[in-house]
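# Close look at the chain arrangement
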Amino acid sequence: MCFSLSTWNYLKPLAAAADLATVLDEIRESGFGAELWLDWTAAPQVFERPRWPEIRKLCSGLPALSAHTRLIKYFSLETLCEEMNLCAYLGADPLVCHPRSFGIDVSTWAPKGKRKLTAEDRSRIGVILKQACDRSLRVALENGPLNVLTQVLEVTADHPTFDHLGICIDTGHAHMHSGLYESPTLEYIRSFRDHLVHLHLHDNQGLEDDHLVPGLGTIDWPAIFAELAGYEYNGQYVFELAAGDPQDSAERARNYI
């Protein structure tokens, strides 16, 4: 089981004082892998191409490395391709995306998508998958409404580069849909078990996206891990936490799991 930390965890408590080099050193020393949050607002230029050799050096020695797109609210193929180039250069896999990263205009927290995907959507997603294939990496689509993720898999199932698309289940985002499903996080995991390549772990009370340490909210964690035990999941378990000191929260999360 490979536990990783999102560098996002450090942005809220440290704000402009968040230094990526210091953050990655701390993550490495604590034995975690890392997920690079590419919208690094503390230093917006840190992931620009001239800095890539420095970033690769900072990431050396990590047991696992993935990345999260900065494209949460809009779509840009140019930006997405450059992020894929960075992932290929660093050896980071997968690149986690949201529906809007794929040009699908639906909120990450929306309970359901209100329209069916079109031929234009299918074509655009196919281009993205081809770009991922060319770089030998995967893109992981993070929930997002369950029916939108289902449609993306359906409309791309016969695409020659389909193997470069996976699903990232975010436990906290899923748990916010308790009005639709008896156990929403389990519903997501069961629905996408055959395509699950990445997990984001955090907790909440089912109402807000609190990003709590697992065990501090109302997610049924024993049921989730009992479910995962029956799958051949070998991806990362990434903690996305906004609770207090990042290192202390990470240790508490790892100990709890």
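Residues numbered from 1 in each chain as written. Predicted model: local features only at pLDDT ≥ 70, side-chain atom pairs only at ≥ 80, totals over all residues. Heavy atoms only, no water.

## So, the side chain of R135
Tracing the chain through its elements places R135 in the loop between α5 (119-134) and β5 (139-142). Of the side chains with opposite charge, D134 comes closest to the buried, unpaired R135, at an N-O distance of 5.0 Å. Setting aside anything within four residues of it in sequence, one finds R135 in contact with C81, M84, N85 and A88. (Helix = DSSP H or I, 4+ residues; strand = E, 2+ residues; numbered from the N terminus. Buried < 20%, exposed > 50% of the residue type's maximum accessible area, 1.4 Å probe, protein only. Lys, Arg positive; Asp, Glu negative; His and termini not counted. Salt bridge = Lys/Arg side-chain N within 4 Å of Asp/Glu carboxyl O. Contact = heavy atoms within 4.5 Å.)

## Points about helix α9 (residues 221-228)
When we look at burial in α9, the residues that qualify are W221, I224, F225, E227 and L228. Burial along α9 is one-sided: seen end-on, the buried residues are contained in an arc of 155 degrees. In α9, the exposed positions that point more than 90 degrees away from the buried face belong to P222 and A226. Taken together, the buried residues of α9 touch α7 (171-175), α8 (184-191), β7 (196-201), β8 (236-239) and α10 (246-256). (Arc of directions from axis to C-beta.)

## Some points on the state of the cysteines
Evaluation of the coordinates by the stated rule reveals zero disulfides. C97 forms no disulfide, and the closest cysteine sulfur to it belongs to C87, at a distance of 8.6 Å. Judged by its relative accessible area of 0%, C97 falls in the buried class. In this structure C133 is a free cysteine whose sulfur lies 13 Å from that of C81, the closest cysteine sulfur available. On the basis of relative accessibility, which here comes to 28%, the residue C133 falls in the partly exposed class. (Disulfide = S-S within 2.5 Å.)

## Quick notes on the nonpolar core
By size, the foremost hydrophobic cluster in this structure holds 77 residues, and its most contacted members are L36, F47, L95, F102, V139, L165 and L228. Those residues in contact with F102, other than ones at most four positions away along the chain, are F75, C97, R124, I125, I128, V139, L141 and L165. (Core = buried A, V, L, I, M, F, W, Y, C linked by side-chain atoms within 4.5 Å.)

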